[in-house]
Structures are given as C-alpha cells and as structure tokens.
Amino acid sequence: MWYFVACCVVLLLLWLHLDNLKPANFPPGPKWYPIVGSALSIMSARNKTGMLCKAVEHIASDYPEHRGVIGFKIGKDKAVMAINAESLKEMMNNEDFDGRPTGIFYETRTWGLRRGVLLTDEQFWQEQRRFIVRHLKEFGFARKGMTEIIQNEAAQIRKDFEELIALGNGTALVQMQGAFSVYVLNTLWLMMAGIRYGKENNDLRYLQSLLHELFTNIDMMGALFSHFPYLRFVAPRLSGYQQFVEIHECMHKFIGAEVERHQKTFNPNDEPRDLMDVYLHTLQNNNAPSDSFSREQLLAVCLDMFIAGSETTTKTLDFSFLYIVRNPQVMRRIQEEIDEIVGRNRLPTLEDRARQVSCSYDTMLVGMFRGMMLDENLWENPTQFNPERFLKDGKIHIPAQYHPFGVGKHRCMGELMAKSNLFLFLTTTLQSFDLLLPEGAPIPSDIPVDGATPSVRKYHVVIRPR
C-alpha cells in the first residue's frame with residue numbers, strides 16, 4: 001500500500017514538474033507555478049490596473065525583449081498574446097495560426113459540439129463562411145439592399161427619439177448604454193431571419209441584457225471554469241459555469257423558437273425569404289455540400305450571427321456617443337459638416353461618406369487590439385479623443401498598421417455592415433438631435449467595464465431637436 005501511495009506521489013510530482021516547464025522558444029512572461037501557472041501574476045496586475053488588457057501591458061513592461069509578444073499559462077491553458085500592431089498583423093497573416101481554440105468553454109455553448117462559424121476552423125469554417133456570405137448577399141448583404149435596411153433603421157431611430165421628445169415636452173432623457181442595440185441587430189437579423197424587432201420587445205431586451213452580462217463576466221482568454229475545468233463540478237457558480245450555461249440556454253430557446261416558426265411556414269417550392277430558409281431548403285432537399293449542415297449548425301450559426309450582429313457594433317456606438325457627449329465641441333463640428341454636405345432635409349448616404357471622407361504546444365493565441373489602438377509609435381497622444389487624426393490634407397488617411405477588423409482570411413466578414421451602421425446611425429442622430437448632459441450631472445466616465453469586449457458604464461443624456 002505504501003509503495004502504491006509513494007508511486008502516486010512521485011507520478012503526481014513528475015506531472016506537476018513537466019506541466020510547469022515552459023516549451024522551448026516560448027515567449028517571455030511571468031513565472032509559472034504548479035496548477036495555477038501565471039494566473040496569480042495576472043490577477044495581481046489586473047487588480048492594480050482594473051482591466052485585463054492593461055494588466056497584460058503592465059506585465060509586458062517587465063520584459064523589454066518581448067517584441068510585441070508575451071506568454072502566459074493559466075491553469076491548463078497556455079496563451080500567447082500579440083500586443084502591438086506588428087505582432088497582430090503577423091499573427092493574422094500566418095496560416096499556421098488559423099485555428100480556433102477547443103475545450104469546454106468553446107463547446108458548451110453549442111451542445112458539446114464545434115458548431116457555428118465564430119469558433120470553428122479548417123474546412124468546416126471555410127465551407128460555412130462561404131455558404132453564409134454567398135447566400136446573405138441574396139438578401140442584400142454588402143449590396144445596395146443592405147444600405148437600404150440600415151437607412152430604414154436609422155430613420156426608425158430618429159422616429160423613436162422624436163416620439164420620446166414629444167412625450168417629454170421637448171426633450172427626452174435617454175440611458176445610452178445599449179440604446180442602439182435593437183436597431184443594430186435588426187440590420188443583420190432581417191437578412192438572417194426576415195424579422196425586425198421593436199425597441200419595446202421585452203424578450204429581446206432581456207436576452208440582450210443577458211448577453212451584456214455574459215461578455216462582462218468572461219474575458220478574451222475565456223473564464224475561470226475553462227482554465228480549471230474541474231471547478232464546474234465543485235464550484236459551478238463561483239467558476240462562472242452555471243451562469244454561462246443558463247445564459248446560453250436562454251439564447252438557444254429564443255433563437256430556437258424563431259427557427260421553429262420558420263419551419264412551420266417554410267415552403268420548399270417558394271423562393272427563400274432569408275438565410276434561415278436557405279438552410280432549411282438545403283437540409284430538406286438533402287443537397288447540403290457536406291454533413292456539417294444540420295439543424296444544430298443552423299441554430300449555432302444564428303447564435304453566432306445574433307452575437308456578432310448586436311455586440312461589437314453596439315458597443316462601438318456606445319463609446320462613440322460617450323466621447324461625443326464628453327466633447328461637445330466635436331459634436332458641433334460633426335453637425336456643421338453634416339449640414340454642409342447633405343443639407344438639413346436629407347438623410348446622409350454611403351455615397352456622401354465616400355465623397356467626404358492552431359500552432360505548436362497546443363497554445364491559444366490572443367490578439368490584443370488595444371496595443372494597436374493606443375500605440376504611441378502610430379498616434380500622437382493616443383488616449384486623447386481626436387477624430388482629426390484620421391485626416392491628412394483634408395482627406396481620410398488610415399495608417400497601414402491600423403486594421404481594427406483584422407487582416408487575412410479571418411478578416412471580419414461584417415466589416416462593411418459595421419462601418420455602414422456606425423456612419424449612418426451616428427450621422428442621422430447628430431443631424432437631427434443635440435445630445436447634452438443633464439444639468440448638474442457629472443461628465444460620464446470613459447473608464448470601461450472590463451470583459452470579453454469592454455463596455456461603457458451607464459449614463460444618461462438629454463436629447464432635444466436641433
């Protein structure tokens with residue numbers, strides 16, 4: 001018995017030692033400890049700085065030879081982070097790094113399978129991406145029809161604000177965090193499911209609040225239960241696993257109901273009404289290009305598109321309006337420019353805008369775009385809000401190192417839609433309304449809420465007609 005116990009102890013110590021060894025040529029980073037890896041160093045830096053991305057920058061400053069790449073180990077996971085423009089571009093252009101991570105965190109969301117399009121790779125991902133983009137174009141994606149959809153949503157924003165102002169006798173007090181989320185989602189969801197949601201849809205607003213909670217409680221490297229999987233059994237709520245499952249169950253239920261409604265009204269002899277119909281037609285006629293097409297894949301794609309269609313663009317709009325409210329002189333200059341170019345009685349168009357303006361060591365790679373956005377080698381005073389930094393001799397100038405939508409094969413396929421949403425929603429709103437802080441209210445903080453994608457803190461503005 002004692003020999004058995006001794007052997008187990010020796011094997012355990014040997015495993016801990018081998019698991020704690022850094023692979024050859026692994027990027028510099030904090031010291032690894034058994035079981036936790038460098039998690040304690042990250043936790044300490046995060047407590048000091050308030051955000052994971054700032055914590056990584058803080059740690060990287062201790063390793064001047066890092067060359068834009070820093071390495072960590074958190075629980076079972078090794079992670080290499082690209083933290084400046086050069087390393088980000090190299091990572092995204094290298095086909096050896098095209099894979100997507102695997103594990104409980106990435107597969108629990110889709111019934112223990114690798115499904116969808118955001119977190120899949122290789123031939124499966126290529127096939128699904130081609131299929132989605134090709135058929136979305138039939139419903140206007142990246143074409144004139146998409147612009148019309150976005151313009152209609154922009155007009156609806158103006159109409160809804162006008163109704164609020166009428167109810168408020170000339171002004172409206174609006175909570176700005178997520179104020180545009182429903183409109184942003186509609187621009188994609190109309191092509192995905194042929195559905196337009198109203199801002200009063202309580203089920204949708206609840207679901208988007210859950211989505212906001214989810215992205216606040218995880219970060220770009222996952223969650224506590226993904227790095228330490230055994231915690232989902234001994235501490236399911238403390239590790240975030242229980243909340244992760246519950247939120248995804250709500251999203252599955254919501255999107256599954258839409259799929260069921262489509263199935264009830266689907267007629268294979270009719271022209272497809274949207275991307276859901278295309279998937280259903282493909283499944284019913286058994287003409288799928290591979291066995292990777294299934295009802296589960298349809299639900300997973302809808303889930304991915306729902307998230308992609310509401311999360312990142314909404315938060316970008318949130319931050320855009322936050323900085324505009326914090327800098328009213330910039331708002332005035334934008335409004336003057338809109339008035340000069342398009343006149344007071346016409347919505348701006350995209351044509352107006354064009355005139356005006358998986359690797360070795362089973363290691364997870366993470367791109368930290370903050371390093372590119374705030375690179376002092378690219379920008380003068382990068383933390384200062386200065387839209388004119390993108391102008392040169394009166395024309396738009398984008399540095400070659402600046403690629404917020406990524407590069408290479410994984411460049412965001414929704415880039416054109418996101419830019420169109422941002423442009424039309426911003427210009428339509430500022431063309432018609434002034435956004436002011438309530439009298440006596442403090443200037444809202446620009447310190448974001450940390451998460452997988454940072455978000456603005458709640459604040460209110462007074463909206464009034466111009």
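Nothing here was measured: the structure is a model prediction, and the numbers come from that model.

Calculation criteria
Residues numbered from 1 in each chain as written. Predicted model: local features only at pLDDT ≥ 70, side-chain atom pairs only at ≥ 80, totals over all residues. Heavy atoms only, no water. Helix = DSSP H or I, 4+ residues; strand = E, 2+ residues; numbered from the N terminus. Rg over C-alpha atoms; globule rule 2.2 N^0.38 Å. Buried < 20%, exposed > 50% of the residue type's maximum accessible area, 1.4 Å probe, protein only. Areas by Shrake-Rupley, 256 points an atom, 1.4 Å probe, with all protein chains shown as cover. Arc of directions from axis to C-beta. Contact = heavy atoms within 4.5 Å. Phe/Tyr/Trp six-rings, centres within 6.5 Å; stacked < 30°, edge-to-face > 60°. 1 Å grid on protein atoms, 1.4 Å probe; cavity = no way out; pocket = protein on both sides within 12 Å on 5 of 7 lines; lining within 4 Å. Points joined across faces, edges and corners; volume = space filled by probe spheres on them. Nonpolar A, V, L, I, M, F, W, Y, C, P; charged D, E, K, R; others polar. Pairing = 2+ DSSP bridges. Axes fitted to C-alpha atoms, helices over the stretch in contact; angles between N-to-C directions. Core = buried A, V, L, I, M, F, W, Y, C linked by side-chain atoms within 4.5 Å.

**So, the overall build of the protein**
Right, on to step 1. Within the protein one finds 19 helices and 8 strands.
Right, on to step 2. Scaling as 2.2 N^0.38, a compact globule of 466 residues should have a C-alpha radius of gyration of about 23 Å, and the protein matches this with 24 Å.
Right, on to step 3. Dimensions of the protein, computed from the C-alpha atoms along their principal axes, are close to 85 × 60 × 40 Å.
Right, on to step 4. Scored against the burial criterion, the 466 residues of the protein give a buried share of 47%.
Right, on to step 5. Put simply, the protein shows about 23,900 Å² of open surface, and 54% of that area lies on carbon and sulfur atoms.

**Considerations on helix α3 (residues 52–60)**
Because an α-helix packs 3.6 residues into every turn, residues spaced three or four apart end up facing the same way.
Right, on to step 1. Taken residue by residue, α3 has Leu52, Cys53, Ala55, Val56, Ile59 and Ala60 as its buried positions. One side of α3 carries all its buried residues, which in axial view fall inside an arc of 160°.
Right, on to step 2. Buried residues along α3 sit in contact with α2 (39–49), β1 (69–74), β2 (77–82) and α18 (370–373).

**Brief notes about the packing of aromatic side chains**
One pair of aromatic rings is described through two measures. These are the centre distance and the angle between the planes.
Right, on to step 1. Applying the stated criterion across every chain yields a total of 20 aromatic pairs.
Right, on to step 2. Arranged with centres 5.0 Å apart and planes meeting at 85°, the rings of phenylalanine 105 and tyrosine 106 form a pair that is edge-to-face. Summarising the burial analysis for this pair, phenylalanine 105 and tyrosine 106 share the class buried.
Right, on to step 3. Taken together, the aromatic side chains of Phe105, Tyr106, Phe225, Tyr241 and Phe244 make up a single cluster linked through ring pairs.

**Structural notes on the layout of surface pockets**
Right, on to step 1. A volume near 640 Å³ is recorded for the second largest pocket.
Right, on to step 2. Lining the second largest pocket are 28 residues, and of these Arg46, Asp219, Ala223, Leu224 and His227 lie nearest its centre.
Right, on to step 3. Sorting the residues of the lining of the second largest pocket by element identifies α2, α9 (202–217), α10 (224–227) and α12 (241–265) as the ones contributing at least two each.
Right, on to step 4. Examining the composition of the lining of the second largest pocket, we find that 6 residues originate from one element, α2, more than from any other.
Right, on to step 5. In terms of residue class, the lining of the second largest pocket is built from 17 nonpolar, 8 polar and 3 charged.

**A word on the sheet that holds β1**
Right, on to step 1. Taken in spatial order, the 3 strands line up as β1-β2-β4 in an open sheet, and their pairing is mixed. The open sheet has two edge strands with one neighbour each: β1 and β4 (363–367). Strand-to-strand twist of the sheet, defined as the mean angle between neighbouring strand axes without regard to direction, takes the value 25°.
Right, on to step 2. Pairing between β1 and β2: 6 bridges, direction antiparallel. Bridge pairing links isoleucine 74 to aspartate 77 in β2.
Right, on to step 3. Each of β1, β2 and β4 is contacted by helix α4 (residues 85–93), which is oriented at about 125° to β4, the strand it contacts most.

**Structural notes on the nonpolar core**
Right, on to step 1. Within the largest apolar cluster, 107 residues are counted, with the highest numbers of intra-cluster contacts made by Phe180, Trp189 and Leu435.
Right, on to step 2. With 9 residues, helix α8 (residues 181–193) is the single largest residue contributor to this core.
Right, on to step 3. Among the nonpolar cores identified, the runner-up in size contains 9 residues, and Ala85, Leu88, Met91 and Trp379 belong to it.

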